[in-house]
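# Structural overview for review
Spelled out from the first residue to the last, the chains are:
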Amino acid sequence: MTKNTKKKKNNIIRLIDVTNRDGVQTSRICLSKLQKTMINLYLNEMGVYQSEFGFPVTRHERNYINANVELAKRGVMKPLVLSGWIRAIAVDVKESFKNTKVEHLNISISTSDQMLYGKFRGKKTKDDIIDMMVEALRLAKSKGVKTIGVNAEDGSRSDLDYLVKFAKAAKDNGADRVRYCDTLGYDDPFSIYNRIHHIGKKVDMPIELHCHNDLGLVVANSIAGAKAAIDVGVDAYINTTLNGIGERAGNADLVSVILAIKYSSGFKGKYKLDPNIKLSKAWKVAKYASYAFGVPIPINQPGVGANAFAHESGIHADGALKDRRNYELYDYEELGRGEPDIVDTGRSITAGEYSGIKGFRNVYDKLAVKFKDEKEAADILDLVRYANVHNQKPLVADELKFVARYPDIARKLFSMEP
Ligand SMILES: [Zn+2]
C-alpha cells in the first residue's frame, strides 16, 4: 500500500462538543452539575464522539467530574469520551490527577504574539511556551492519561511556522491531536483552509477545529478547516456547542455543523460525518439546552428554529406543499421534529424542593417509575428536593428519571464543599 492510499483511509469528521466547557464559561450562562450531566447523556445518545465536560482543576467541578467518569465506567455513557480542559502547565496536570479520576485531557496554551506580549507581557518566549506545553504533556502521559489533545490558543493569529513547530513538539511527545483555536473568530473559510492544509501536511497528525463566531463565520470556518485536514489526509475533529452558545458571539452550533456536512453541495457524499451521529436527537437536545441555559432558540436557527420549516409567502407555501424539496433541503422528521408537544392545561402536580410524598408519588406514577417500597420512595423524594434546590427551575421528565435511576450518582452531583 502506498503512503497516499493509506492516508486516504480515514476520511471521517468527528465531533467534540465543548458546551460543558466553552459553553458554561460564557458570560451570563450557567448550568448546574445535574444539567451538565444530562447534556453528557444527551451527547452520548446523539453519537457525539467526545464531550469536553469540565475543569478538573476547579474545585466545585470535582464531584461532578468523578460522578460522570463513574457513569461512563458503568456503561451508562458509552461510548462518549469525557475529556477535561486544563492549562498546559505542570501544576494543572498534577491537580487534575490528584483531585479527579479524569482520563482524557485537552491542555491549552496561547501561541500568538498578541498573547505573548499582551497576556504574558513578554515574560515568556516562544520556546518557553513549547517547553511548558511539552512538560505538561509528558507529565500527563506519565500519569496515564488515555488520550490528550494540545490546544494552540489564538492559533489563527499565530505565526504559521511557529504553529507547525508547536504541533510537531506535541506530536513527538505523544499528543493524540492538536487543536487549532480560532479563539477570536478571526479566520475566514479560505484562510483557515490554507492554514490547516499547511499544518496537516507538515505535521501529519489529527487536527481539531475550534472556531468562534465573532465575524459570523463559525460553521463555515469549522467545516472549511475540517475539509483541509481530510484533503491532506489527517483526521478532523470539529468542536461544537449546543445551540452555538459559547464565549461572546459563540461557537459552532452542533446541529448546524451536522447539517452543513450532510447537506452542503461541496460536502454531501464527499466528506463523511462520523456514522454514529444521530441527527434524530437534535430537536430534543436543542430544546433541553435552551431550557437549561434559559436562552430561547432563535426562530431562524438552522434545523431547530421555529421557522426552519415554516412557509408563508404565496410562492414558497405553494411550492413547499407541492414538493418539500422545492423549499426544504432536508426533512424535519430527520431532526426528530413533527410530533405534537402536549401541554397539560388542567391541574398539574409538580415535584420541587418543598414537595411531600403524595404529590411526588403522583409525578412519578405519570412517568411510570415504580419504587420497591416506601423507604425507597422517601429517599428519592429527598433527592428530588435537593435536585430542585440545585437546578432552581422545575425538573424535566428525564432529570426526574435520572435521579430515581442513579440516586448514588445524583447524591454526588449535589454535594459540594466550598
Ligand atoms: Zn473557545
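Conventions we followed
- Residues numbered from 1 in each chain as written.
- Predicted model: local features only at pLDDT ≥ 70, side-chain atom pairs only at ≥ 80, totals over all residues.
- Heavy atoms only, no water.
- Donors = N, O, S within 2.8 Å, 3.2 Å for Na, K, Ca; no water.
- Buried < 20%, exposed > 50% of the residue type's maximum accessible area, 1.4 Å probe, protein only.
- Helix = DSSP H or I, 4+ residues; strand = E, 2+ residues; numbered from the N terminus.
- Polar contact = N/O pair within 3.5 Å; in protein donor to acceptor, adjacent residues only side chain to side chain.
- Core = buried A, V, L, I, M, F, W, Y, C linked by side-chain atoms within 4.5 Å.
- Contact = heavy atoms within 4.5 Å.
- pLDDT = per-residue confidence, 0-100.
- Salt bridge = Lys/Arg side-chain N within 4 Å of Asp/Glu carboxyl O.
- Axes fitted to C-alpha atoms, helices over the stretch in contact; angles between N-to-C directions.
- Parallel < 35°, antiparallel > 145°, perpendicular 65-115°, else oblique.
- Left-handed = near helix turned anticlockwise from the far one by under 90°.
- Nonpolar A, V, L, I, M, F, W, Y, C, P; charged D, E, K, R; others polar.

### Brief notes about the coordination of the zinc ion
- The protein atoms that coordinate the zinc ion are Asp22 (OD), His210 (NE2) and His212 (NE2), at distances spanning 2.0 to 2.1 Å.
- Each donor residue of the zinc ion lies on one chain, and together they are spaced D-x187-H-x1-H.
- Residue classification places His210 among the buried positions, given a relative accessible area of 4%.
- The class of His212 is buried, set by a relative accessible area of 3%.

### Here's the deal with the side chain of Glu52
- With respect to the secondary-structure elements, Glu52 resides in strand 2 (residues 50–54).
- A polar contact of 2.6 Å, which involves the side chain of Glu52, links it to the side chain of Arg179.

### So, the nonpolar core
- Core analysis: the biggest nonpolar cluster contains 126 residues, and Met133 and Tyr364 have the highest contact counts within it.
- In terms of residue count, helix 7 (residues 126–142) provides more of this core than any other element does, nine residues in total.
- Those residues within four positions of Tyr364 in sequence are excluded, and the remaining contacts are Val369, Phe371, Ile380, Val384, Leu400, Lys401, Val403 and Ala404.

### Some details on the confidence of the model for the chain
- Predicted confidence across the chain gives a mean pLDDT of 95, with 98% of residues reaching 70 or more.
- Scored below 50 in pLDDT, residues 1–8 makes six contacts in the model with residues more than four places away or belonging to other chains.

### Focus on unusual backbone geometry
- Residue Pro79 is bonded to the preceding Lys78 through a cis peptide linkage, with omega at 5°.
- For Arg121, which is not glycine, the phi torsion reads 55° and is therefore positive.
- Looking at the element boundaries, Arg121 is found in the loop between helix 6 (113–118) and helix 7.
- Residue Arg121 is classed as exposed on the basis of its relative accessible area of 62%.

### What about the pattern of salt bridges?
- The tally for this structure, following the rule as stated, stands at 31 salt bridges.
- Asp214 is paired through a salt bridge with Arg248; the nearest N and O atoms lie 2.7 Å apart. Remark: Arg248 occurs in the loop between strand 8 (236–240) and helix 11 (254–263) and Asp214 occurs in the loop between strand 7 (207–211) and helix 10 (218–232); sequence separation between them is 34 residues.
- Residue class for Asp214 comes out partly exposed when judged on its relative accessible area of 32%.
- For Arg248, a relative accessible area of 48% translates into the label partly exposed.

### Observations concerning the environment of Lys201
- Within the secondary structure, Lys201 is located in helix 9 (residues 189–203).
- With 71 residues separating them along the chain, Lys201 and Ile130 place their C-alpha atoms 20 Å apart.

### Description of the packing of helix 8 (residues 160–172) against helix 9
- Orientation of helix 8 relative to helix 9, taken along the N-to-C sense of each, is 40°, at an axis distance of 10 Å. Our classification of the angle between helix 8 and helix 9 gives oblique. When the axes of helix 8 and helix 9 are compared, the crossing they make is right-handed. Only Arg195, His198, Ile199, Lys202 and Val203 of helix 9 make contact with helix 8, whose side of the interface consists of Leu160, Asp161, Leu163, Val164, Ala167, Lys168 and Lys171.
- The class makeup of the residues in the contact of helix 8 with helix 9 is six nonpolar, one polar and five charged.

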